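# Inside the fold
Here is what each chain is made of, one letter per residue.
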Amino acid sequence: VNLALVTGASSGLGRELCLLLAKKGVRIIASARNFEKLRELALELPESTLLHPADLSDPASRKTLIALIRQMAPDVLINSAGFGLYGDILSHSIEEELKMIHVNLEAAIELSVEAAKSLKEKKKEGVILNVSSAAAAFIYPSFALYAATKAALLHFSQSFDTEMRPFGIRILTALPGKFDSDFRLKAGGKRKKKEAFCMPTRTVAQAILEQIQKKQKVRIIDLRYKLLLFVGRHLLPQWFVEKILRSAIQ
Ligand SMILES: NC(=O)c1ccc[n+]([C@@H]2O[C@H](COP(=O)([O-])OP(=O)(O)OC[C@H]3O[C@@H](n4cnc5c(N)ncnc54)[C@H](OP(=O)(O)O)[C@@H]3O)[C@@H](O)[C@H]2O)c1
C-alpha cells in the first residue's frame, strides 16, 4: 500500500488507523471536519501527510474530496467517519436523523464508488474498507436509523465487492462491536467507567488492517461479538433481543 485516504481521521478509530498505517510507511490523506484535531494528528505523522477537511453530510463539501480521489486514486480508502444517535426516532429532529444517512451511508457509498472508478480507470488494484457495525445485524429500537444505515452499507458493500473483484478492486466491510472512542458520548450516552464487551480502539484498528491485508470480505470484530451476533440472530427470539438491546442503550 502506498497511499491511504482515511475519513473520520480526527478521532477514535480513524485517528488510530492513520497512526498504524503511517508506522507501516503508508502515506496518509486524513479527512474530517475538525481541522484543529487533524493538525494535532499531523504532528504525529510524517511530513508527507495530506490533511483534507470536509463535511461529509454536505454534498458540496464532499466534491473537493472526490476531486482529490480522482486525481490521486489512493490504493486504500477507509470510510471510518460516522455517528449515531441514541433514543427513539421521535426524540430527535428528522434533520439530525437524516444527517446520519448522509454521513454513514450516502458519503461512504459516494466515496467508495469514486475510489473504485478512479482505480479502474488507472488500471490499479486497491482496497476500499467500509466501517459498518455489529449493530447492522439487528433490528434496534432506540438506535433504529443508525443500525439501518450500517445494515445498508454492509449490503451495498458486499454486492459492490463482487462486481469489482474481477478488476482487483475489493470493497471490504468491518463490523466492530463496542470500542472505547467518544462515539457513545456524542450519540447522547453517558461516559461509564467500565463497559461490558468494550474493546480498545487500537485493537479494532489492528483487526481492520489485518482484514485489509487478508482481503477478507466481511469481518466481525471481535470473536466475542461474532458469538453474540450468532446467539442473538439464531438462538434467541427477536422480541427478547430487541428488549435487551433497547435496555442497554437507556
Ligand atoms: N465506537 C464504537 O463503539 C463503534 C462500534 C461500531 C462501529 N463504529 C463506527 O466506527 C466509526 C468510527 O467511529 P468512532 O468510534 O471512531 O467515533 P468518533 O471517535 O466519534 O469518530 C467519528 C469520526 O467521524 C467524523 N465525522 C462525523 N461526522 C462527520 C461529518 N459530517 N463529516 C466528516 N466527518 C465526520 C468525526 O470527525 P469530525 O467531528 O472532525 O468531523 C470523527 O473523526 C463510525 O463509522 C462508527 O459508526 C463505532
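Scroll up for the structure.
Residues numbered from 1 in each chain as written. Predicted model: local features only at pLDDT ≥ 70, side-chain atom pairs only at ≥ 80, totals over all residues. Heavy atoms only, no water.

## Considerations on the site of the ligand
Residues in contact with the ligand amount to 31 residues; listed here are only the nearest, Ser 11, Arg 33, Tyr 146, Ser 181 and Lys 186. For the ligand, an oxygen atom lies 3.0 Å from a polar atom in the backbone of Phe 179. Between the ligand and the protein, one listed contact pairs an oxygen atom with a side-chain N or O atom of Arg 184 at 3.0 Å. The protein chains hide 95% of the 880 Å² of surface that the ligand would expose on its own. Where the shell around the ligand is concerned, the elements lending two or more residues are α1 (12–23), α5 (144–164) and α6 (183–186). Ranked by residues supplied to the shell around the ligand, first place goes to α6 with 3 residues. (Near = heavy atom within 4 Å. Polar contact = N/O pair within 3.5 Å; in protein donor to acceptor, adjacent residues only side chain to side chain. Areas by Shrake-Rupley, 256 points an atom, 1.4 Å probe, with all protein chains shown as cover. Helix = DSSP H or I, 4+ residues; strand = E, 2+ residues; numbered from the N terminus.)

## Here we look at the environment of Glu 97
Looking at the secondary structure, you find Glu 97 in helix α4 (residues 94–121). Residue classification places Glu 97 among the buried positions, given a relative accessible area of 3%. C-alpha of Glu 97 to C-alpha of Gly 84: the two residues are 13 residues apart in sequence and 8.9 Å apart in space. With residues near it in sequence (within four places) discarded, Glu 97 still touches Leu 85, Asp 88, Ile 89, His 92 and Leu 145. (Buried < 20%, exposed > 50% of the residue type's maximum accessible area, 1.4 Å probe, protein only. Contact = heavy atoms within 4.5 Å.)

## A short note on the packing of aromatic side chains
What the rule picks out here adds up to 8 aromatic pairs. Between Tyr 146 and Phe 183 the ring centres are 5.3 Å apart and the planes differ by 55°, which places this aromatic pair in the tilted class. Here the residue Tyr 146 occupies a position in helix α5, and Phe 183 occupies one in helix α6, the gap between them amounting to 37 residues. Note on Phe 197 and Tyr 225: the rings are 6.1 Å apart at their centroids and 70° apart in plane angle, and the pair reads as edge-to-face. (Phe/Tyr/Trp six-rings, centres within 6.5 Å; stacked < 30°, edge-to-face > 60°.)

## Focus: the packing of helix α3 (residues 59–72) against α4
Two quantities define a packed helix pair, namely the angle between the axes and the distance from one axis to the other. Two numbers describe how α3 lies on α4: the axes approach to 9 Å, and their chain directions differ by 25°. Judged on the interaxial angle alone, α4 and α3 are roughly parallel. Viewed along their axes, α3 and α4 form a crossing whose handedness is right-handed. Contact residues: α3 offers Arg 62, Leu 65, Ile 66, Ile 69 and Arg 70, while α4 offers His 102, Glu 106, Ala 107, Glu 110, Leu 111, Glu 114, Ala 115 and Ser 118. Considered class by class, the residues forming the contact of α3 with α4 number 6 nonpolar, 2 polar and 5 charged. (Axes fitted to C-alpha atoms, helices over the stretch in contact; angles between N-to-C directions. Parallel < 35°, antiparallel > 145°, perpendicular 65-115°, else oblique. Left-handed = near helix turned anticlockwise from the far one by under 90°. Nonpolar A, V, L, I, M, F, W, Y, C, P; charged D, E, K, R; others polar.)

## Focus: unusual backbone geometry
With omega at 0°, the peptide bond leading from Ile 221 into Asp 222 counts as cis. In the Ramachandran plot, Ala 73 falls in the positive-phi region, its phi being about 40° despite a non-glycine side chain. The topology assignment puts Ala 73 in the loop between α3 and β4 (76–79). Residue classification places Ala 73 among the buried positions, given a relative accessible area of 0%. One non-glycine residue, Lys 123, lies in positive phi territory at about 55°. Assignment of secondary structure puts Lys 123 in the loop between α4 and β5 (126–131).

## Some details on the side chain of His 92
Structurally, the position occupied by His 92 is in the loop between β4 and α4. By relative accessible area, which is 19% here, His 92 ends up buried.

## Topic: the environment of Leu 56
Relative to the helices and strands, Leu 56 resides in the loop between β3 (50–53) and α3. Of the residues examined, Leu 56 reaches a relative accessible area of 9% and is grouped as buried. The contact partners of Leu 56, leaving out residues within four places of it in the chain, are Thr 7, Arg 62, Leu 65, Ala 81, His 102, Val 103, Ala 107 and Leu 111.

## Focus: the pairing of strand β1 (residues 3–7)
The element β1 is largely enclosed, with a buried count of 5 among its 5 residues. Of the two faces of β1, the one lined by Leu 3, Leu 5 and Thr 7 and the one lined by Ala 4 and Val 6 are each fully buried. In this sheet, strand β2 (residues 27–32) lies alongside β1 in parallel orientation, the contact comprising 5 bridges. Looking across to β2, one finds that Thr 7 is bridged to Ser 31. In this region the chain leaves β1, passes through α1 and returns to the parallel neighbour β2; the handedness of that crossover is right-handed. (Pairing = 2+ DSSP bridges. Right-handed = clockwise from strand over helix to strand, strands pointing away.)

## So, the pattern of salt bridges
Evaluation of the coordinates by the stated rule reveals 14 salt bridges. Note that Arg 70 and Glu 114 form a salt bridge whose closest N and O atoms lie 3.0 Å from each other. Taken together, the residues Arg 70 in helix α3 and Glu 114 in helix α4 connect sequence positions 44 residues apart. A relative accessible area of 48% places Arg 70 in the partly exposed class. Here Glu 114 falls in the buried class, since its relative accessible area comes to 9%. Several salt bridges converge on common partners, so that one network encompasses Arg 62, Glu 106 and Glu 110. (Salt bridge = Lys/Arg side-chain N within 4 Å of Asp/Glu carboxyl O.)

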